[in-house]
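Coordinates in review
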Amino acid sequence: MSKLVTVDIGGTHARFALAEVSGGRVVDLGEAVTLKTAEHASFQTAWQDFGRIAGHELPRAAAIAIAGPVKGEVIKFTNNPWIIRPALIGEKLGVDAYTLINDFGAVGHAVAQADEEHFLHLTGPDEPLPGEGTISIIGPGTGLGVAHVWRSGGDYHVQATEGGHIDFAPLDTIEDAILARLRQRYRRVSVERVVSGPGLVDIYEALAGIEGRSIQPQDDKALWQLGASGEDSLAAAAVDRFCLSLGSIAGDIALAQGGSGVVIAGGLGLRIKDILLRSGFAERFCAKGRFEGLMATLPVKLITHPQPGLFGAAAAFAKEHP
């Protein structure tokens, strides 16, 4: 049994927890502590603050998930001023072993190791994710994360990808209008321009244009709240359209990766789980022409683990340091 500190660093928050791993798997994950990145001068000072909160000396091992690329001599964040130099992690944090992983790669490890109780059935056969083959993972959030887990012989491999940047393909006249609006701003429109948190604004404004409505500018957080609650019928229509597009893209990714199961991840998916279940997500997922029958055989789940980044980072450490 090994003890470690597992960390999930984003733009606004850094989450910390203590974990125990054994035999290549996570056996325990402690309660998460969330710190604001803006209130700490560096990752090292946040680490030390977590140590004070924990009230004891921290384990000499770390699993660190980062919202961005983890290669190179210097790691910089898009939305936070911290800088991490991997070569100095041991010295700065006082650890003897560590794992650095992209945040969506960590989600892939969470999918591979989380118990069945942490998955909500969305569509397809109501059965566990397959123990062999490829599981496609799609995670809408600030952008659109895409990865897959390949399982074979009781082992697995996680591959993070840039699948969120494939081309957006409309399926009806409403999506034609959404694409036309986005094309005024971008030479090339990727799927994450539509299926992401900020993408709801463009969907909403495109729908308003179709109806000739005059609307007040809204940010995506307000629109998600208005749409999910049903307070604003146009925002609700935008949320429903988002779910349709998510179903289409999830199906495309599964076809491209040869997925035998699919997992929707990301905080946004979890927040709209009830809407997803009663939306046209399932129909759009299967709407693949000659492959409709095949798509209907794939179990599609939503991961509901409360801290998939922390759990997944610890799982990645367990796999790298068995």
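Refer to the structure presented above.
Residues numbered from 1 in each chain as written. Predicted model: local features only at pLDDT ≥ 70, side-chain atom pairs only at ≥ 80, totals over all residues. Heavy atoms only, no water.

A few points about the overall build of the protein
If you tally the helices and strands in the protein, you get twelve helices and 14 strands. A compact globule built from 322 residues would reach a C-alpha radius of gyration of about 20 Å, and the protein, at 20 Å, matches this within 12%. Expressed along its principal axes, the backbone C-alpha trace of the protein runs to roughly 60 × 45 × 35 Å. Relative to its full complement of 322 residues, the protein shows a buried share of 49%. Of the roughly 15000 Å² of accessible surface on the protein, a fraction of 49% belongs to carbon and sulfur atoms. Of the side chains in the protein, 28 bear a positive and 37 a negative charge, and the two mean positions are spaced by 5 Å. (Helix = DSSP H or I, 4+ residues; strand = E, 2+ residues; numbered from the N terminus. Rg over C-alpha atoms; globule rule 2.2 N^0.38 Å. Buried < 20%, exposed > 50% of the residue type's maximum accessible area, 1.4 Å probe, protein only. Areas by Shrake-Rupley, 256 points an atom, 1.4 Å probe, with all protein chains shown as cover. Lys, Arg positive; Asp, Glu negative; His and termini not counted. Charge placed at Lys NZ, Arg CZ, Asp CG, Glu CD.)

As for the environment of serine 152
Relative to the helices and strands, serine 152 is located in strand S11 (residues 144–152). Owing to a relative accessible area of 31%, serine 152 belongs among the partly exposed residues under this scheme. Linking serine 152 and glutamate 231, residues 79 residues apart in sequence, is a C-alpha distance of 47 Å. When near neighbours in sequence (up to four residues on either side) are disregarded, serine 152 contacts Gly131 and Glu132. (Contact = heavy atoms within 4.5 Å.)

Some thoughts on the packing of helix H4 (residues 173–183) against helix H5 (residues 199–211)
For any two helices packed against each other, one specifies the crossing angle of their axes together with the interaxial distance. Packing of H4 against H5 leaves a shortest axis separation of 9 Å and a crossing angle of 115°. Relative to H5, the element H4 is oriented roughly perpendicular. Considering only the axes of H4 and H5, their crossing is right-handed. Counted together, Ile174, Ala177, Ile178, Arg181 and Leu182 of H4 and Asp202, Ile203, Glu205, Ala206, Leu207 and Ile210 of H5 form the full contact between these two elements. (Axes fitted to C-alpha atoms, helices over the stretch in contact; angles between N-to-C directions. Parallel < 35°, antiparallel > 145°, perpendicular 65-115°, else oblique. Left-handed = near helix turned anticlockwise from the far one by under 90°.)

Section: a nonpolar patch on the surface
Together, Leu255, Phe291 and Leu294 make up an exposed nonpolar region whose accessible area comes to about 260 Å². Relative to the elements of secondary structure, leucine 294 occurs in helix H11 (residues 292–295). (Patch = residues over 30% accessible without salt bridge, like charges linked within 9 Å, V, L, I, M, F, W, Y side chains within 5 Å. Salt bridge = Lys/Arg side-chain N within 4 Å of Asp/Glu carboxyl O.)

Quick look at the pattern of salt bridges
Any two side chains of opposite charge can pair if their charged atoms end up close together. Counted by the stated rule, this structure contains 15 salt bridges. Measuring nitrogen to oxygen at the nearest pair gives 2.9 Å for the salt bridge that ties arginine 60 to aspartate 96. Here aspartate 96 lies in the loop between helix H2 (89–93) and strand S8 (97–102) and arginine 60 lies in the loop between helix H1 (43–54) and strand S5 (61–66), a separation of 36 residues in the sequence. Given a relative accessible area of 43%, arginine 60 falls into the partly exposed group. Judged by relative accessible area, which is 58%, aspartate 96 ranks as exposed. Here glutamate 205 makes a salt bridge to arginine 181, at a shortest N to O gap of 2.2 Å. On the criterion of sequence distance, the pair formed by glutamate 205 in helix H5 and arginine 181 in helix H4 is long-range, its members being 24 residues apart. Given the relative accessible area of 21%, glutamate 205 is considered partly exposed. Accessibility expressed as a relative area gives 27% for arginine 181, which makes it partly exposed. A single network of salt bridges, built from pairs that share partners, joins Asp172, Glu175, Arg241 and Arg284.

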